[in-house]
Amino acid sequence: MLQVPVQVRSATLIVLAVLLVAATLKWASAFFIPLMLGLLLSYALSPIVDALQRLRVPRALSAGVLILGLLAGAGASIYSFADDANALIDSLPEAAERVRDAVRKRTANGAPLDTVQKAAQRLEQAAAAAGPGAPPPPRGVQRVVIEKPHFDLREHLWSGTLGLASLIGQTLVVIFLTFFLLLSGDTFRRKLVKIAGPELSTKKITVQALDEITGQIQRYLLVQVATSILVGVATGLSFWALGLKHAGVWGLGAGLLNLIPYIGSAVITGAAALVAFLQFGEFDMAFYVAAASLAIHIVVGNLLVPWLTGRASRMNPVAVFIGVLAWGWLWGVWGLLLGIPILMVVKAVCDRVDQLKPVGELLGD
């Protein structure tokens, strides 16, 4: 028998340290999430700023113009699709009601238990009405129909003052953090190499880790942007071919939600099927719309994205799935969005630290 010594004290300390780090990340999520978003955006935009700097364009000017251009493009896209989004949101309650009515009609003939229950309810109502203490039937009662107010996306956003102020504050933090990171260039990189240690080998390992982190994150972001554009265009064209209204809004939403692993595709597929049933009034068309959306996400999300991401990060899909679930539990939707880049950083560091190489091996493919 092979005797393996068990260091209970060391294992306990490791477990306690992991729990403490997880509790800190969850408690300080308002600080870490904007920080990680700023770092991610700086990694995405730094190649453009570096290229402009080689053309003798100042970093401050190129970074500022680039960020302002992205904000203007995002604002223009949201404003142009706001009316379609309002109409789409207004149609959701009616879609749910029509689905409920259709299900009731289909189950009315073949559900004897429902018929018995309805008969029993009618008997109870008749007995209560014929009782000695029953009130006389009302006369001249006017039926009142309460109309729900029209939903306006702009008014809804402005009505939530605190939520809107918090969103604007976090957005400004991310914007300024991204700008200063782009402005600093490789300053922090040089500082990390300097504080890594006096030995040349340590500095070399630090440079290699930083290069791998930068390359992996930039390739991952490129994969995500390219596949999101592909999903958005394919979804918009397929929904337009099927005759679904607001196909452009659906394409934009599918492209954006494609950045959120596992959940984005389910949200788009379910919502599109519901709205398709509202528009066409048939389950068949709702099925066709859902099948088209699901087929696009299966081909792109389950075949193309894992293959490209695996080539970019060389990570184990099972470890990535578990890690994304863990970060989603910690930070919600933002954790799902930031989970894979964080795992890339962890793997790049663990591969070059002797004590952490088992963790890097566990995350590797």
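Quantities reported herein were computed from a predicted structural model and do not represent experimental measurements. (Residues numbered from 1 in each chain as written. Predicted model: local features only at pLDDT ≥ 70, side-chain atom pairs only at ≥ 80, totals over all residues. Heavy atoms only, no water.)

A. Quick look at the overall build of the chain. For the chain, the count of helices and strands is 15 helices and zero strands. Counting all 365 residues of the chain, 30% fall into the buried class. Carbon and sulfur atoms make up 70% of the accessible area of the chain, which amounts to about 23900 Å² in all. (Helix = DSSP H or I, 4+ residues; strand = E, 2+ residues; numbered from the N terminus. Buried < 20%, exposed > 50% of the residue type's maximum accessible area, 1.4 Å probe, protein only. Areas by Shrake-Rupley, 256 points an atom, 1.4 Å probe, with all protein chains shown as cover.)

B. Region of the structure containing the UniProt feature "transmembrane region" (unreviewed entry) in the chain. The positions UniProt marks with the feature "transmembrane region" (unreviewed entry) are residues 7–25, 31–49, 61–82, 157–183, 220–242, 254–278, 285–308 and 320–346. The span residues 31–49 shows a helical share of 100% and a strand share of 0%, and its end C-alpha atoms are spaced 26 Å apart. In residues 320–346, helix accounts for 96% and strand for 0%; the two terminal C-alpha atoms are 12 Å from one another. (UniProt positions renumbered as here; feature names shortened; annotations may be inferred.)

C. Quick peek at the packing of aromatic side chains. The final tally for this structure, using the stated rule, is six aromatic pairs. Residues Phe31 and Phe32 carry aromatic rings whose centres are separated by 5.1 Å and whose planes lie at 75° to one another, so their mutual orientation is edge-to-face. On the basis of relative accessible area, Phe31 is assigned to the exposed category, the value being 53%. Taking the relative accessible area as the measure of exposure, Phe32 reaches 22% and is therefore partly exposed. Each member of the aromatic cluster is reached from another via a ring pair, and the members are Phe176, Phe179 and Phe180. A cation over an aromatic ring shows up here: Lys26 above the ring of Trp329, its NZ or CZ 5.0 Å from the ring centre. (Phe/Tyr/Trp six-rings, centres within 6.5 Å; stacked < 30°, edge-to-face > 60°. Lys NZ or Arg CZ within 6 Å of the ring centre and 35° of its normal.)

D. Region of the structure containing a nonpolar patch on the surface. Residues Tyr262, Ile263, Val267, Val318, Phe321, Ile322 and Leu325 make up a contiguous nonpolar surface patch of about 650 Å² in total accessible area. Of the residues forming the nonpolar patch, the biggest block, four residues, is contributed by helix α13 (residues 317–331). One can find Val318 in helix α13. (Patch = residues over 30% accessible without salt bridge, like charges linked within 9 Å, V, L, I, M, F, W, Y side chains within 5 Å. Salt bridge = Lys/Arg side-chain N within 4 Å of Asp/Glu carboxyl O.)

E. View of the nonpolar core. Within the largest apolar cluster, 23 residues are counted, with the highest numbers of intra-cluster contacts made by Trp327, Trp331, Leu338 and Ile340. Of all the secondary structure elements, the ones that give two or more residues to this core are α2 (29–54), α9 (200–242), α13 and α14 (333–350). Broken down by element, the residue count for this core peaks at seven residues, all from α14. Setting aside residues no more than four positions away along its own chain, Trp331 makes contact with Leu25, Lys26, Ser29, Phe32, Ile33, Met36, Leu338 and Ile342. With 16 residues, the next largest nonpolar core counts Leu244, Ile268, Val275 and Val300 among its residues. (Core = buried A, V, L, I, M, F, W, Y, C linked by side-chain atoms within 4.5 Å. Contact = heavy atoms within 4.5 Å.)

F. Expanded view of the pattern of salt bridges. Across all of its chains, the model carries one salt bridge by this definition. As a salt-bridge pair, Asp50 and Arg59 come within 2.8 Å of each other at their nearest N and O atoms. Residue classification places Asp50 among the partly exposed positions, given a relative accessible area of 28%.

G. Looking closely at the confidence of the model for the chain. Looking at the chain, pLDDT values average 75 and 73% of them are 70 or higher. Taken element by element, the chain is modelled with least confidence in helix α6 (residues 153–159), mean pLDDT 53, and with most confidence in α2, mean pLDDT 85. (pLDDT = per-residue confidence, 0-100.)

H. Examining the packing of helix α8 (residues 187–195) against α9 more closely. Taken N-terminus to C-terminus, the directions of α8 and α9 make an angle of 145°; their axes are 8 Å apart at the nearest point. Taken as a pair, α8 and α9 cross one another with a handedness that is right-handed. Contacts between α8 and α9 pair Arg189, Leu192, Val193 and Lys194 from the former with Lys203, Thr206, Val207, Leu210, Asp211 and Thr214 from the latter. For the contact of α8 with α9, the class distribution of residues is four nonpolar, two polar and four charged. (Axes fitted to C-alpha atoms, helices over the stretch in contact; angles between N-to-C directions. Left-handed = near helix turned anticlockwise from the far one by under 90°. Nonpolar A, V, L, I, M, F, W, Y, C, P; charged D, E, K, R; others polar.)

I. Focus on helix α11 (residues 263–280). The end-to-end C-alpha distance of α11 is 26 Å, a good match for the 26 Å that 18 residues give at a rise of 1.5 Å each. Residues of α11 that are buried: Gly264, Ile268, Thr269, Ala272, Ala273, Val275, Ala276, Phe277 and Leu278. (Expected span 1.5 Å × (residues − 1).)

J. View of the environment of Val223. Along the polypeptide, Val223 turns up in helix α9. Relative accessible area serves as the criterion here: at 10%, Val223 is assigned to the buried category. Taking C-alpha positions, Val223 is 7.2 Å from Val305, a pair spaced 82 residues apart along the chain.

K. Region of the structure containing the packing of α9 against α14. Contact pair α9 / α14: the axes reach a minimum separation of 9 Å and the direction vectors enclose 155°. Considered as vectors, α9 and α14 are oriented roughly antiparallel to each other. The crossing of α9 and α14 is right-handed. Residue-level contacts link Ala209, Glu212, Ile213, Gln216, Ile217 and Tyr220 of α9 to Leu337, Ile340, Pro341, Met344, Val345, Ala348 and Val349 of α14. In the contact of α9 with α14, the residues fall into 11 nonpolar, one polar and one charged. (Parallel < 35°, antiparallel > 145°, perpendicular 65-115°, else oblique.)

L. Spotlight on the environment of Val318. You can call Val318 exposed: its relative accessible area is 53%. Spatially, the C-alpha atoms of Val318 and Leu363 are 8.6 Å apart, while their sequence positions differ by 45 residues.

M. View of the environment of Ile298. Relative to the assigned elements, Ile298 resides in helix α12 (residues 283–313). Of the residues examined, Ile298 reaches a relative accessible area of 39% and is grouped as partly exposed. Note: C-alpha distance between Ile298 and Ser265 (33 residues apart in sequence) is 9.0 Å.

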